Every structure is written in C-alpha cells, then in structure tokens.
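One letter stands for each residue in the lines below.
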Amino acid sequence: MDQSLSLQVVRTWFVVLPDTDAVGALAVKALSYADRSLTHASGRPWLVGRWAPETVVTGECRGARVAVFGEHAVTARDAERAAAAAAVADSPTALDRAADWAGSFHLVVSGADRVMVRAGVVDLRRVFHTRTGTPGRGPVSVASDRADVLAELVGADLDERRIALEVLTLGAPYPRAGDPLWRGLHAVPGGHCLTMHHDGRTRTSRWWSPPDPVVPLAVGAGRLREALDEAIEVRTRGRKLVTSDLGGLDSTAVCCTAARTGTRVVAYTAAIHDEAGDDVYWAKRTVAALNGIEHHVVPAQDVAMTFDGIDALEDVLDTPSILTVDRNRRMGIVELAAARGSDLHLTGLGGDELLAGTPARLHALLLTHPLIAWRALRGYAAKYRWSRSGVLRHLLDRSPYRTWLGRVARDLTEPAVPDNEPLLGWAVPPRMPPWATPDAVTAVREVLRAERVDVEPRGRGHGEHRELVAMDGISQWVRHIGQMAAPLGIGISAPYYDAHVIEAALAVRPQERITPWRYKPLIVEAMRGVVPEASRTRDTKANATFEEEAGLREHRRALLALCEDSRLARLGLVDERVLREWCRRALAAGTESYLLHPTIACEVWLRSREMTPSHVHRAATPHGRESAPTGTSALPTARRET
C-alpha cells in the first residue's frame, strides 16, 4: 500500500498545522507534496496543500488570521472583519456572527495559542484530525479536509475493527458513519469546530444547532426561496456557463433558480429504462416553458447500469462510498458536463431529506399537536401499509438513542426488519450480512457497545435526528462525487446543503413541511414564479430499480472478480465463499441486492489503496485532464432538446 498515493495524486486538499516548532517534520513532508501554503503570523506553516486560488480568501487583524475554503462570495474585507472578531472574542460567538456567509465552506482561524477549523453543518465539508508525536518535541495535533491525506502524512495504519463496520447492510450507524478507517484518526461532527492548541490538546465544540421549527409554511417558503437564490448566486457569479441536473422536483428548482441569474445554464436529464420513469417528460415541459436553457437528454440505452465497471474503478476516495456501485451511472452526466466546458455542475441532492423530511417527527408532534399528529399517522400508515401495532410500538418506545444503539449491537445477526416497518424510530437497524465472519460480528458489536456509553443523538428527538443523519449520509455522496469529478476539472455543487438553506427549511413547522397529503409542500410553495407551473406541482419521483436488477445480471462477472482474493476476506471480515454464492444469485433490488452495496464499496476502496501514483497518472490526457478510468463505460451520448 503506497503511503503517498493521495498526497501525490489528489487535486485538492489542505492540512492545518498549529503554530509550533513541533510540527516541523510534518510541515516539511506536507510542503513536499503541496503547491500552495499560508503561514501563521509567526511565519510558521499554517495551511499547506493544493487548492484553486479563487476558492480561498484570507484576512488578518492584530495577529489573527482567517482563511475561507470553498463555495462562497467572501471578500478580503469580509475575511478581515472575521479576523477582527477572532482577535478580540473570548468565545466563538462573535466569530460565528461575523462569518455567517452564504455558501458552503471550511473556516480556518489562526490566533493566540490555538488554531480553529470549522466543519460544515452536515458532512459535505468535513474535518479530520489526529494527534501524533514528534521525536524530542512532544505531541502535536494536525487536521485536514481529507482523511487519506492526513493518514499518509502521519503514517497511520488501517484499523480492521473500524473497517468491519463498513459491511453493515445499511452502513455504520451514527456517529460512526463515514469515519476514517485509519487508527488514531477522528472526524469532527457536522455543526462542530475543532480547536487545536499548540501543546497538542484538542477540543471539539458545537458552532451550529438546528433552528426551532416554529415558522409557518407561507413565511418559510419565502425564506427558503431567498436562501436558495443566494446559494446559487454565490456559485454562478462570474461564470459564463454552469451545468445542472434536471430530473426530479429538487433539481428542477435548482436549475430554474440558476436560469434566473443570467448565467448560461446547460441542463442534463438521464432517461431510465423503466417506462414508469417520467423525469424526461417533466424536464421537457420545464425547458419548453422557460426558453433559453440548453437541454440534453441521455437516452436510457446510454446510461450505465448499477455495478458497471465495478472491478476496474480508479477513483481515489478518502473513505469508502456506497455510491461506488452506481459510480458510472452517476458520473455519466458529470463527464458530459465537463466535456461541454463546465467547471461547475449543480445537483439537487439533499432535497429529499430536507424537503420531504421524515414521519419520525410525529414523535414530538404528538406531545404538542396530538390531533394533527394522529391524522398524519393514519395517512402514513395507509400510504406505506404500516400495521397499527407497529405504529403504537414505535410511538410508545421513548428509550434514548444509546439504548437503541445497544439493541443494534445485540441484534446484529437477527433478520432484517420488514419493509413495512414504520419509519418512526431512531433509524432502521442495520444488520451484518450473511457473509460476515464471526470475527467481524464481534468487532462491530464491541465498537457499538463502547460507543453507546456517551453517545447522544444527532438532533433533538427522533425526527430531527433522523433528518440530520440522512443529510450527513447523502452529503457524503456529494463529497465523493466531487472527489470522482475532480480529475475532470469540474466541481460538484449541492446548494441544499448550505447552512442558510438548511436553516430556512428546518425552521418550518413539521406538520406543514412533512405530510402524507402533499409532496414536498415547502419547495412547491417556495418555487412559485420560479419553476414553471407545468412542473412546479409534480408529485412523482423516478427510481432505478430496473437498473439495479439488470446491472446485477449484466455485471455479475465483475462482481465475482471482486470475490477473488477479497481484501475483506484477507482481513478476516468476510467469508469469500458465501459472498461469491450471493453474487451468483438472482437478487431482488429492494430486499436483497442492496445488502451487497456496503461490502462491495469497501472492497473496491481497499483495492484502490493499493494503486500506485504512476498507475493513476497513466489516465491523464495530454491537455492535463484525466480521462474516464480504464475499464469504465464510454461517455454516454446525449440528445439535445431545443
């Protein structure tokens, strides 16, 4: 396993160093792979890495320094004001007010005897950190926006116990989902910031909390529209062209909002093989009503199936991603967008969790608005065929999250919960798959039981917890798509994950935002006059069940190839024979095939860590961009709709 793979080939990363001589050796190593750096007021290295100059703004005031990385419209004067707040404030409150900007970004502050790094509200803008010793100089803490870069910098080894959680059928539960897989590395939770002292001590503190959900729908819709306008304006400003998904209601809202900025928008819609899929129909109606949007439809026969190219992927990701199984299908439009000349692609990911919400909010609503809650419960029970006994069992279960996590640890090898289980608990309990070894089960059980001692839920109550955890998970998809797209020279942008957008949506009364009677009423009301009326009230959503089942049949050989000399089997976590038998079977997409996804994603990721930098670089084109990975499907063709 190459200990400098990511340091050499990853296009964008940064490392944060405290202002002490103890980081000398780490700074020298990081600088040897970096092309940019910033210093503390002392002149010592502060920020080291690779980044596009236009994505970073810095400010300084009385020895305090501020750097802003990401998608924003922050000016040097804005950054100076934030630095002034950091220089005089004893608490981070003043800094949080000064840095309450639109967009999605990391905030890094150097001042006094400490360095602060602020993670995003959800897991799109992540911060990883570790503590390491330096000969003769004592302990030192260091942070980065990428776990793999940090692990290579400090020489950390993979943690087999943590890897075992990656084979859970629904992924690791909060707070372990998306954690780094190296020993000694830790992730800063969403909505928190990391403070690193120069003596090696660290402290994690909350800087963001969800708003109280008390705003009427009519008021909240206006606020959401303003927040989404601002989020997209930040991204389109100064650009001649951006590309955008145009599929479901959420991406339609993003695309139509972008079209109002004056920037040229090129929209893409992927057809699916299922005749019930209606994204193309609605996209055409939207484009016809808007006028001026360049629209391309990718025919279904040119869209990659699930599992396409799964045995030949060369993406360098810092954590395993369940998105791996759909990599080529998801990246088809991104590749077309890059070929069209776009350096920014807008996506509607994030809208489902934020706008549709979860019925688990009814737990709290029963205490404040029982009649409204009971009516909604009856609607959801009829819609999803929940049993009355199941609903009552969940509503009467008021046990804390740590108790639920203890049950998960206890029941790891029990059958999966039924499909019609009410979505009212803390989460759907994950299970270990049939191919997990007893050692893997033991490792996961020990990790979860140790975790539950001090763990608190992500949000206040079942509903808020469930929504925030879902946003954490899907925002990591966006992050991983961005890592996959970086070699193409194009960024992936998800405005629904901006703090201001999340706040505007979560502030709306749950009984108006989340209902079985209307489809995403908040975005429907917010988009009056923005999305054409022909599309604004659409209440359907396409899925890719056909692509999943057909992909399993079509790419079975590639899946079986991953079972040969499995890296997970080498670690003693997977029974290779059982996994191979499952990959040979005909599996239903909704109830069986999905069990493979986390295991396959982790297997692909472990193999990717064995690549050499020269192997990755061989995909580079003479013009400096990298072509699609060897063995993947060719770029899909698109049909232009005028």
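Scroll up to find the structure.
All of the points below concern the structure found in this document.

Parameters and conventions
Every chain is numbered independently, its residues counted from 1 as its sequence is written. Owing to the predicted nature of the model, reporting of local features is limited to residues with pLDDT of at least 70; listing and counting of side-chain atom pairs is limited to 80 or more, with chain, interface and lining totals taken over all residues. Heavy atoms throughout the structure, all of them, feed into the side-chain values; hydrogens and water do not. Here a strand is any run of E in DSSP of at least two residues, a helix any run of H or I of at least four, and the numbering for each starts at the N terminus. Partly exposed residues are those whose accessible area sits between 20% and 50% of the maximum for their type, while under 20% is buried and over 50% is exposed, using a 1.4 Å probe and protein chains only. By definition, residues are in contact when any of their heavy atoms lie within 4.5 Å. Exposure was quantified through the Shrake-Rupley algorithm and a 1.4 Å probe, taking into account, for residues, occlusion by the shown protein chains and nothing else. All tallies of charge rest on Lys and Arg as positive and Asp and Glu as negative; His and the ends of each chain are not included. For the purpose of locating charges, the reference atoms are NZ of Lys, CZ of Arg, CG of Asp and CD of Glu. The rule for pairing is simple: two strands pair if DSSP sees at least two bridges between them. Orientation is described by lines fitted to C-alpha atoms, with helices fitted over the stretch in contact, and by angles between N-to-C directions that extend from 0 to 180 degrees. Note on terminology: angles under 35 degrees are roughly parallel, angles over 145 are roughly antiparallel, angles of 65 to 115 are roughly perpendicular, and the others are oblique. The hand of a helix crossing depends on one turn: near helix anticlockwise from the far one by less than a right angle means left-handed, and clockwise means right-handed. The definitions used throughout rest on a 1 Å grid laid over the protein atoms alone, on which a cavity is an enclosed set of points accommodating a 1.4 Å probe that cannot get out and a pocket is an open set flanked by protein within 12 Å on both sides along at least five of seven lines; lining residues are those having an atom within 4 Å of a point. Grid points are joined across faces, edges and corners, and a volume is the space filled by probe spheres set on the points. Nonpolar residues are Ala, Val, Leu, Ile, Met, Phe, Trp, Tyr, Cys and Pro. Charged residues are Asp, Glu, Lys and Arg, and all others, Gly as well, are polar. Planes of paired rings set the category: under 30 degrees apart is stacked, over 60 is edge-to-face and the rest tilted, where pairs are Phe, Tyr or Trp rings (Trp by its six-membered ring) whose centres lie within 6.5 Å. Criterion for a charge above a ring: Lys NZ or Arg CZ within 6 Å of the ring centre, and within 35 degrees of the ring normal.

**Observations concerning the overall build of the protein**
Okay, so step 1: The number of helices and strands found in the protein is 27 helices and 18 strands.
Okay, so step 2: Burial status across the protein gives 58% buried among its 642 residues.
Okay, so step 3: Long-range contacts, defined as pairs at least 24 residues apart, comprise 73% of the intrachain contacts of the protein with a sequence gap of at least 6.
Okay, so step 4: Carbon and sulfur atoms make up 51% of the accessible area of the protein, which totals about 25500 Å².
Okay, so step 5: Positive and negative side-chain charges in the protein, numbering 80 and 79 respectively, have mean positions lying 3 Å apart.

**So, the pairing of strand β5 (residues 64-71)**
Okay, so step 1: Among the eight residues in β5, eight count as buried, and that is most of the element.
Okay, so step 2: Relative to β5, strand β4 (residues 56-61) runs antiparallel, the two sharing six bridges. Bridged to valine 56 within β5 is phenylalanine 69.
Okay, so step 3: For β5 and strand β6 (residues 104-111), the ladder comprises seven bridges, and the chain directions are antiparallel. Within β6, the residue paired with phenylalanine 69 across the bridge is histidine 106.

**A few points about unusual backbone geometry**
Okay, so step 1: Residue proline 175 follows tyrosine 174 across a cis peptide bond; omega there is 5°.
Okay, so step 2: Along the polypeptide, proline 175 turns up in the loop between α6 (160-164) and β10 (186-187).
Okay, so step 3: Phi at arginine 385 is positive, roughly 60°, even though this residue is not glycine.
Okay, so step 4: When you line up the elements, arginine 385 lands in the loop between α13 (370-384) and α14 (388-396).
Okay, so step 5: Phi is positive for lysine 520, which is not a glycine, with a value near 45°.
Okay, so step 6: Within the secondary structure layout, lysine 520 lies in the loop between α19 (510-513) and α20 (521-526).
Okay, so step 7: Assessed through its relative accessible area of 3%, lysine 520 is described here as buried.

**Quick notes on the sheet that holds strand β1 (residues 13-16)**
Okay, so step 1: Pairing within the open sheet is antiparallel, and its six strands lie in the order β2-β3-β1-β9-β8-β10. In this open sheet, the two edge strands, each paired with only one partner strand, are β2 (36-39) and β10.
Okay, so step 2: Strand direction decides the pairing type here: β1 and strand β9 (residues 138-144), joined by two bridges, are antiparallel. Considered in β9, the bridge of valine 15 is made with serine 144.
Okay, so step 3: Of the strands in this sheet, β1, β2, β3 (45-50), β8 (128-134) and β9 touch helix α2 (residues 24-33), which is tilted by about 30° from β3.

**Observations concerning the packing of α2 against helix α5 (residues 147-154)**
Okay, so step 1: Running from N to C, α2 and α5 point in directions that differ by 125°, and their axes come no closer than 10 Å. One element, α2, and the other, α5, form an angle in the oblique class. As for how α2 packs across α5, the hand of that crossing is right-handed. Contact residues: α2 offers Leu26, Lys29 and Ala30, while α5 offers Glu152, Leu153 and Val154.

**Digging into empty space enclosed by the protein**
Okay, so step 1: Overall, the coordinates contain four cavities of 30 Å³ or more when judged by the stated rule.
Okay, so step 2: Lining the largest cavity we find Leu313, Glu314, Asp315, Leu317, Thr324, Met484, Val604, Trp605 and Ser608.
Okay, so step 3: Ranked by residues supplied to the lining of the largest cavity, first place goes to helix α26 (residues 596-608) with three residues.
Okay, so step 4: For the lining of the largest cavity, the per-class residue count stands at five nonpolar, two polar and two charged.

**Quick look at the sheet that holds strand β11 (residues 192-197)**
Okay, so step 1: In space, the six strands of this open sheet follow the order β4-β5-β6-β7-β11-β12, with antiparallel pairing throughout. The outermost strands of the open sheet, each flanked by one partner alone, are β4 and β12 (202-206). Ignoring which end each strand starts from, the neighbouring axes of this sheet average 15° apart.
Okay, so step 2: The strands touched by helix α3 (residues 76-88) are β4, β5 and β6; relative to β4, the strand with the most contacts, the crossing angle is about 45°.

**Observations regarding the packing of aromatic side chains**
Okay, so step 1: All chains considered together, the criterion is met by twelve aromatic pairs.
Okay, so step 2: On the basis of an interplanar angle of 55° and a centroid distance of 5.8 Å, the ring pair of tryptophan 101 and phenylalanine 105 is categorised as tilted.
Okay, so step 3: In this structure tryptophan 101 comes out as buried when scored by relative accessible area, which is 13%.
Okay, so step 4: Three or more aromatic residues link up through ring pairs in this structure, and these residues are Tyr174, Tyr401, Trp404 and Trp426.
Okay, so step 5: Arginine 118 extends its terminal NZ or CZ atom over the ring of tryptophan 207, reaching a point 3.7 Å from the ring centre.
Okay, so step 6: The ring centre of tryptophan 582 lies 4.3 Å from the NZ or CZ of arginine 585, which sits over that ring.

**A look at the pairing of β12**
Okay, so step 1: The pairing of β11 with β12 spans five bridges and is antiparallel. When the bridges of β12 are listed, cysteine 193 appears paired with serine 205.
Okay, so step 2: Linking β11 back to β12 in an antiparallel pair, the connection comprises four residues, with glycine 200 at a positive phi of about 100°.

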